[in-house]
Amino acid sequence: MEKKFDKLPIHIGFIMDGNGRWATKRGLPRKMGHRRGAEALENIVNYCFSLGIKCVSCFAFSTENWKRPQEEIDYIFGLLREYIKKQREKSEKEQKEEIKARNIKIRTMGDLSKMPEDLEKEINQAKDDTDDCDAYILNIAMNYGGRDDIVYACNKLIKEGKKEITEEDISGALYSAGLPDLDFVIRTAGDIRLSNFMLYQSAYSELYFTKTFWPDFSPKHLDKALKEYAKRDRKFGQLK
Ligand code: FPP
């Protein structure tokens with residue numbers, strides 16, 4: 001089969017923005033934008049794995065998102081619950097059928113103890129159940145902030161009694177410990193910033209911004225972004 005892309009990211013991150021605007025533009029309640037956003041995520045994650053991208057990270061709920069109306073927060077948590085459950089069941093079925101080539105490990109980043117108890121339980125169950133999976137990784141940021149991640153890592157190292165730390169020590173203590181750095185970050189809906197998403201892990205990431213609202217972001221849009229990624233010359237600070 002002809003290769004679709006000359007090079008692919010190993011680890012891709014999505015800042016899924018524009019759910020609210022997508023809904024408002026259509027005269028719908030904001031929560032409908034989140035629902036369509038969750039569907040878009042499912043579709044994009046499946047597509048990434050089908051292309052052979054090993055690891056997908058996504059920003060589902062930031063430490064700043066608590067400032068939203070409670071009703072909207074509850075709705076997003078409901079979608080997360082549904083999505084995690086579906087992923088866990090899918091993974092369970094694949095593990096049972098021994099479709100090893102497709103099994104997906106679920107990971108999260110952020111302080112889950114602040115989430116509703118049943119959601120925290122569902123997430124922990126999904127993480128436990130998929131712990132042996134290693135073909136693909138779905139890493140969901142919930143109650144997550146990039147600065148908070150770095151502080152969390154440093155405190156962990158202090159507790160371990162480290163007097164002096166290296167970059168590798170920090171990488172290994174972040175919520176994303178063990179995952180490779182982000183190769184490519186995509187943000188939808190027009191804003192050109194990282195908004196506290198995986199700051200340490202994106203030091204050398206290629207960044208891609210599109211005006212498309214997240215619920216409209218489809219495999220066709222991802223193809224366009226990946227074509228651009230394949231053309232980028234990654235220098236990592238060296239002369240090439
Ligand atoms: C940004 O849109 C999106 C969020 C704050 C939440 C992202 C959530 C989802 C995609 C759905 C649930 C997630 C999962 C993992 C099932 P916004 O509300 O900030 O949009 P706006 O900037 O247009 O108001």
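Everything below is about the structure printed above this text.
Bear in mind that the values here come from a model prediction, so they are computed numbers and not experimental data.

Concerning helix H5 (residues 146-159)
Note that an α-helix has 3.6 residues per turn; residues three or four places apart therefore point the same way.
So, point 1. Taking 1.5 Å per residue, 14 residues should reach 20 Å; H5 reaches 20 Å between its end C-alpha atoms and fits that length.
So, point 2. By the burial criterion, the buried members of H5 are Gly-146, Asp-149, Ala-153 and Leu-157. The arc that holds the buried residues of H5, viewed along the axis, is 70°, so those residues lie on one side. Summarising the geometry of H5, the exposed residues directed more than 90 degrees from the buried face are Arg-147, Ile-158 and Lys-159.
So, point 3. Lining the buried residues of H5 we find strand S4 (136-144) and helix H6 (167-173).

Let's talk about the site of the ligand
So, point 1. Neighbouring residues of the ligand: 17 residues in total, closest Asp-17, Gly-20, Arg-21, Arg-30 and Arg-68.
So, point 2. At 3.2 Å, a backbone N or O of Asn-19 approaches an oxygen atom of the ligand.
So, point 3. Gly-20 is positioned with one of its backbone polar atoms (N or O) 3.0 Å from an oxygen atom of the ligand.
So, point 4. Relative to its free-state accessible area of 620 Å², the ligand is covered by the protein chains to the extent of 92%.
So, point 5. Those elements that provide at least two residues to the shell around the ligand are helix H1 (19-25), helix H2 (30-51) and helix H3 (70-96).
So, point 6. Among the elements that make up the shell around the ligand, the one with the highest residue count is H2 (5 residues).

Side note on a nonpolar patch on the surface
So, point 1. On the surface, Ile-192, Leu-207 and Phe-209 cluster together into a nonpolar patch covering about 260 Å² of accessible area.
So, point 2. Here Ile-192 shows up in the loop between strand S5 (184-187) and strand S6 (206-209).
So, point 3. Taking relative accessible area as the criterion, Ile-192 reaches 66% and is therefore assigned exposed.

A word on the state of the cysteines
So, point 1. Overall, the coordinates contain 0 disulfides when judged by the stated rule.
So, point 2. Cys-55 provides the cysteine sulfur closest to Cys-48, a residue in no disulfide bond, and the two sulfurs are 10 Å apart.
So, point 3. Cysteine Cys-58 is unpaired, with the sulfur of Cys-48 as its nearest cysteine sulfur at 10 Å.

Structural notes on the side chain of Glu-122
So, point 1. In this fold, Glu-122 is placed in helix H4 (residues 117-129).
So, point 2. Once residues lying within four places of it in the same chain are set aside, the contact partners of Glu-122 are Arg-81, Ile-84, Lys-85 and Arg-88.

A look at the packing of aromatic side chains
So, point 1. One pass over the full model with this rule turns up 14 aromatic pairs.
So, point 2. Note that Lys-7 overlies the ring of Tyr-229, its terminal NZ or CZ placed 5.6 Å from the centroid.

Quick look at the pattern of salt bridges
So, point 1. Here the structure, examined in full by the defined rule, presents 21 salt bridges.
So, point 2. For the salt bridge of Glu-42 with Lys-86, the shortest nitrogen-to-oxygen distance reads 3.0 Å. Of the two residues, Glu-42 sits in helix H2 while Lys-86 sits in helix H3, which places them 44 residues apart along the sequence.
So, point 3. You can call Glu-42 partly exposed: its relative accessible area is 21%.
So, point 4. Lys-86 sits in the partly exposed class, given a relative accessible area of 45%.

Brief notes about the sheet that holds strand S2 (residues 55-62)
So, point 1. A sheet is described by the order of its strands in space; here 6 strands give the open sequence S3-S4-S2-S1-S5-S6, paired in parallel fashion. Edge positions in the open sheet fall to strand S3 (104-109) and S6, since each of these has one partner strand only. Ignoring strand direction, the axes of neighbouring strands in this sheet form an average angle of 20°.
So, point 2. As defined by bridge partners, S3 adjoins S4 across 6 bridges and the pair is classed as parallel. Bridging from a neighbouring strand, Met-109 pairs with Ala-141 of S4.
So, point 3. Its contacts with the sheet place H4 against S3 and S4, and it is angled at close to 140° to S3.

Some thoughts on the pairing of strand S1 (residues 11-15)
So, point 1. Of all 5 residues making up S1, 5 are buried, and the element is well covered by its neighbours.
So, point 2. Residues of S1 alternate between two faces, with His-11, Gly-13 and Ile-15 on one and Ile-12 and Phe-14 on the opposite face, all of them buried.
So, point 3. Pairing of S1 with S2, which is carried by 4 bridges, proceeds in the parallel orientation. Note that in S2 the partner of Ile-12 across the bridge is Val-56.

What counts, and where the lines are drawn
Residues numbered from 1 in each chain as written. Predicted model: local features only at pLDDT ≥ 70, side-chain atom pairs only at ≥ 80, totals over all residues. Heavy atoms only, no water. Helix = DSSP H or I, 4+ residues; strand = E, 2+ residues; numbered from the N terminus. Expected span 1.5 Å × (residues − 1). Buried < 20%, exposed > 50% of the residue type's maximum accessible area, 1.4 Å probe, protein only. Arc of directions from axis to C-beta. Contact = heavy atoms within 4.5 Å. Near = heavy atom within 4 Å. Polar contact = N/O pair within 3.5 Å; in protein donor to acceptor, adjacent residues only side chain to side chain. Areas by Shrake-Rupley, 256 points an atom, 1.4 Å probe, with all protein chains shown as cover. Patch = residues over 30% accessible without salt bridge, like charges linked within 9 Å, V, L, I, M, F, W, Y side chains within 5 Å. Salt bridge = Lys/Arg side-chain N within 4 Å of Asp/Glu carboxyl O. Disulfide = S-S within 2.5 Å. Phe/Tyr/Trp six-rings, centres within 6.5 Å; stacked < 30°, edge-to-face > 60°. Lys NZ or Arg CZ within 6 Å of the ring centre and 35° of its normal. Pairing = 2+ DSSP bridges. Axes fitted to C-alpha atoms, helices over the stretch in contact; angles between N-to-C directions.

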